[in-house]
Amino acid sequence: MVPLDPHSFTDSTHPLTTHISLSLYFDFPSSTIHGAALFTLSSPHSGPLSLDTRSLSIHQILSPSTLSPLPFSLSPSPDPIKGIHLSLSLPNDNTLSSFLITFSTSPSSSALQWLSPPQTFNKKHPFVYTQCQSIHARSIFPCQDTPAARIRYSALLNVPRELSAIMSARHVDRRLPVSGEGYSNLLPNGFNSLWCSETRVVEDFDMNQPIPPYLFAFAVGELGFREVGPRTRVYSEAVEGVLEAAAKEFAGTEEMIRQGEKLFGDYEWERFDLLVLPPSFPFGGMENPRMVFLTPTVIKGDASGAQVVAHELAHSWTGNLITNKNNEHFWLNEGFTTYAERRIVEAVQGEDRAVLNIGIGWRGLNEEMERFKDNLEFTKLKTNQEGVDPDDVYSEVPYEKGFQFLWRIERQIGRPAFDEFIKKYIVTFKFKSIDTETFLDFLKANIPGIEKEIDLVLWTEGTGIPPDAYEPISNLYTKIVSLANEFKLGRMPREDEVADWHGQEWELYLENLPKVVEASQVLALDARYRLSESKDYEVKVAFLQLAILSKCKNFYGEVENTLKEVGRMKYLRPLYTALVQGTENEEEKILAKRVFAEARECYHPIAQGVVESIFAKHL
Ligand SMILES: [Zn+2]
């Protein structure tokens, strides 16, 4: 076996999957999906073929033409990171390039969050959605779960009639089920006969643009939508207030797409729809192509949520079109996207706003250096992730150090030359998965002599922040940082100084304060500016983190409320860490354990795992 990805059992000597036809029966009462999947390989193959699975039951593997069974085996115990190795055996005559698998998911599928009606906005219907990045697609269906594989797919989703489904794919039709379609007659446990029940409907999808498995996505629930642009709808649960607020927040989306096209070339995915999820969604956004998934916390009523949309939109070129070959090169996805996002923000909202974002990122990057001071590997751009769970080392480093690297190159060669370089890079590698070496070779070939000007090895393989990284400069940024420095000397900003501050200004201000201050200072700051009540979670969480670390117990009730309201890991991680890290904080540790026990069910399985690993490290 020759692995090509430390997070997958995929064998580099085997052909990769090019297409999967899925039939999925959603059984909400048991939080289970029963499925049939027809796989097509890039070439005929004989002998063993390796697939990734996690918490799946594999029922049968069949030759699609004869329906004769193909032998297969499952590794006896799961690898803690990769899951279960499924090895199937194709006949020795080298004629088969397709095979059929029937399977069922388990309620603990790490990609899926099943919400009961009380956990949704409308409280009437259940809801389920996916989060497959980095290595969770394998918990929905067996696959070569590595971004080195690019797969087209079609999917028939059989769901209760009162619900509807969206996918990160082209919607073909919503219609009555047809008996036996898509090998549904082979589904296990009697679900084959329920396929055509009159309480069911089929949502038919087709994804003709090849994607890495981590971009597979769907959501099923009582969904509504609003048109916000010629190629954009915003979807959410069919709740008037949520749809209205989302439509308003994202009204400027088409303008961003046009700016993105100007900078990076044609938008290749036809639609750019948005889905606003329930508050338990573990990320800010997920760049599922054609259908970006968003946390409702980005709806702040001041269009600032557009920045998360700008990030996910930027992935349409970097990440989704050009994808990291495996997670060790994640900076190719996120560093490029952070750079592209800020260029879009600069074009739409102006340079001051973009510089503010760079400043917030710079603070974040410096904090990550502190977090990884005993594990410097993860301060590198190109990392070694053998035996490492990508969810455990997820950080801002690939985003912000990657951004700094590209910004450094831009400063060296000038913006016009760099813009040309990026356009050429995208055209050259679109719909491909590449590694850091491929990028560096392309860089050196197209910008001769660059390696003499910039230490490319230090930037990509070195630890820490290189000396030629750059703290941004702008009047606004500098003023906020100096006001934060004055707070250390006991001066709070005056009302006239913060009169036109939005969330990001406050976020930057709070992030530049000392980690710990006097509890009385925390109280005074909140008495004047009510930061603990901010509708903007970035501000609220930064403030509550300061309150916890400063042992200002007046705000612990608000900490608890926040941890129970949202499941976004960007907020869970700092708040739980602040509560449990260090010594002489027994009360905080007890609070953290109790809140997690009570809120756990409301978090996505990925977020549950992250909180557990914070506890494992500190408790
Ligand atoms: Zn991203």
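Residues numbered from 1 in each chain as written. Predicted model: local features only at pLDDT ≥ 70, side-chain atom pairs only at ≥ 80, totals over all residues. Heavy atoms only, no water.

## Brief notes about the coordination of the zinc ion
Working step 1: Within the protein, the atoms that donate to the zinc ion are His311 (NE2), His315 (NE2), Glu334 (OE) and Glu334 (OE), at distances of 2.1 to 2.7 Å.
Working step 2: Geometry at the zinc ion is irregular, judged from its four donor atoms and the angles of 53 to 151 degrees they form at the metal.
Working step 3: Read from N- to C-terminus, the donor residues coordinating the zinc ion fall into the pattern H-x3-H-x18-E. Here Glu334 lies in helix 5 (residues 330–349) and His315 lies in the loop between helix 4 (306–314) and strand 20 (322–324), a separation of 19 residues in the sequence. For the pair His315 and Glu334, a shared accessibility class is recorded, and that class is buried. (Donors = N, O, S within 2.8 Å, 3.2 Å for Na, K, Ca; no water. Tetrahedral: all angles 85-135°; square planar, octahedral: opposite > 155°, others 65-115°. Helix = DSSP H or I, 4+ residues; strand = E, 2+ residues; numbered from the N terminus. Buried < 20%, exposed > 50% of the residue type's maximum accessible area, 1.4 Å probe, protein only.)

## What about the environment of Asp266?
Working step 1: Secondary-structure assignment places Asp266 in the loop between helix 3 (253–264) and strand 17 (273–276).
Working step 2: Taking the relative accessible area as the measure of exposure, Asp266 reaches 58% and is therefore exposed.
Working step 3: When the C-alpha atoms of Asp266 and Ser316 are compared, they prove to be 9.9 Å apart, with 50 residues separating the residues in sequence.
Working step 4: Once you skip the residues sitting within four places of it in the chain, Asp266 turns out to touch Glu261 and Trp317. (Contact = heavy atoms within 4.5 Å.)

## Examining the sheet that holds strand 5 (residues 72–74)
Working step 1: Across the sheet, three strands lie side by side as 3-6-5; this open sheet has antiparallel pairing. A strand with exactly one partner marks an edge of an open sheet, and here the two such strands are strand 3 (47–53) and strand 5. When the angles between neighbouring strand axes are averaged without regard to direction, this sheet yields 20 degrees.
Working step 2: Bridge analysis of strand 5 against strand 6 (residues 84–90) gives three bridges, and the strand direction is antiparallel. In the sheet register, Phe72 faces strand 6, and the bridge partner there is Leu88. (Pairing = 2+ DSSP bridges. Axes fitted to C-alpha atoms, helices over the stretch in contact; angles between N-to-C directions.)

## Let's talk about the environment of Glu453
Working step 1: Of note, Glu453 is situated in helix 10 (residues 450–453).
Working step 2: Residues Glu453 and Ile409, spaced 44 residues apart in sequence, show a C-alpha to C-alpha distance of 9.2 Å.
Working step 3: Those residues in contact with Glu453 that lie beyond four places of it in its chain are Arg408 and Gln412.
Working step 4: Of note is the side chain of Glu453, whose polar atom sits 3.4 Å from the side chain of Gln412. (Polar contact = N/O pair within 3.5 Å; in protein donor to acceptor, adjacent residues only side chain to side chain.)

## Re the pattern of salt bridges
Working step 1: Under the defined criterion, the tally for this structure stands at 43 salt bridges.
Working step 2: Note that Arg371 is salt-bridged to Glu368, the shortest N-O span being 3.3 Å. You can see Arg371 and its partner Glu368 sitting in helix 6 (residues 351–371), three residues apart, about one turn around the helix.
Working step 3: Residues joined by salt bridges that share partners form a network here, namely Glu486, Arg491, Arg494, Asp496 and Glu497. (Salt bridge = Lys/Arg side-chain N within 4 Å of Asp/Glu carboxyl O.)

## Examining the sheet that holds strand 4 (residues 57–62)
Working step 1: As summarised here, the arrangement of the seven strands in space is 4-7-2-1-10-13-12, forming an open sheet in which the pairing is mixed. Each of the sheet's edge strands pairs with one partner strand only, and the pair in question is strand 4 and strand 12 (170–175). The mean angle between the axes of side-by-side strands here comes to 15 degrees, regardless of whether they run parallel or antiparallel.
Working step 2: Both strand 12 and strand 13 (residues 200–211) contribute to a ladder of five bridges, which runs antiparallel. Considered in strand 13, the bridge of Arg170 is made with Asp206.

## Side note on the domain arrangement of the protein chain
Working step 1: Split by domain assignment, the protein chain resolves into domain 1 (17–221), domain 2 (317–461) and domain 3 (475–618).
Working step 2: The C-alpha centroid of domain 3 is placed 28 Å from the C-alpha centroid of domain 2.
Working step 3: Every contact between the two is made by 14 residues of domain 2 and, on the other side, 15 residues of domain 3.
Working step 4: For the domain 2 and domain 3 pair, buried surface summed over both sides reaches about 1300 Å², with 51% attributable to carbon and sulfur atoms.
Working step 5: When residues of domain 2 are sorted by the area they lose upon contact with domain 3, Leu356, Ile360 and Arg363 head the list and together hold 39% of the total.
Working step 6: Linking domain 2 with domain 3 are two salt bridges, by the criterion used here.
Working step 7: Close ionic contact of Glu367 with Lys515 constitutes a salt bridge, the shortest N to O distance being 3.3 Å. (Domains from an automatic or database assignment. Buried area = accessible area lost by both parts, 1.4 Å probe.)

## A word on the UniProt feature "active site" (unreviewed entry) in the protein chain
Working step 1: According to UniProt, the positions carrying the feature "active site" (unreviewed entry) are Glu312 and Tyr399. Of the residues just listed, which span 88 residues, no C-alpha pair is farther apart than 12.9 Å, and they cluster in one region.
Working step 2: Structurally, Glu312 can be placed in helix 4.
Working step 3: Glu312 sits in the buried class, given a relative accessible area of 5%.
Working step 4: Here Glu312 is in contact with Phe272, Gly285, Met286, Glu287, Val292 and Leu294, once residues within four sequence places are set aside.
Working step 5: Along the chain, Tyr399 turns up in helix 7 (residues 397–413).
Working step 6: Residue contacts for Tyr399: discarding those within four places in its chain leaves His311, Phe330, Glu334, Gly335, Thr338 and Tyr394. (UniProt positions renumbered as here; feature names shortened; annotations may be inferred.)

## Topic: helix 9 (residues 436–446)
Working step 1: Of all the positions in helix 9, only Thr436, Phe439, Leu440, Phe442 and Leu443 are classed as buried. Relative to the axis of helix 9, the buried residues are bounded by an arc of 160 degrees and lie together on one face.
Working step 2: Turning to helix 9, the residues buried within the fold contact helix 5, helix 7, helix 8 (415–429), strand 21 (432–434), helix 10 and helix 11 (456–461). (Arc of directions from axis to C-beta.)

## Points about the packing of aromatic side chains
Working step 1: Scanning all chains against the criterion turns up 50 aromatic pairs.
Working step 2: Judged by centre distance (4.9 Å) and plane angle (50 degrees), the ring pair of Trp506 and Tyr529 falls under tilted. Note that Trp506 is positioned in helix 14 (residues 503–511) and Tyr529 in helix 15 (residues 519–529), a separation of 23 residues in sequence. Like Tyr529, Trp506 is buried. (Phe/Tyr/Trp six-rings, centres within 6.5 Å; stacked < 30°, edge-to-face > 60°.)

## Focus on the nonpolar core
Buried together is how nonpolar side chains tend to be arranged in soluble globular proteins.
Working step 1: Phe26, Phe99, Leu157, Phe218 and Phe439 are the most contacted members of the largest nonpolar core, which has 181 residues in total.
Working step 2: A per-element tally of this core places helix 16 (residues 537–549) first, with nine residues.
Working step 3: Dropping the residues within four chain positions of it, Phe218 is found in contact with Leu24, Phe26, Ile33, Leu112, Val128, Tyr129, Thr130, Ile140, Leu157, Ile166, Met167 and Phe293. (Core = buried A, V, L, I, M, F, W, Y, C linked by side-chain atoms within 4.5 Å.)

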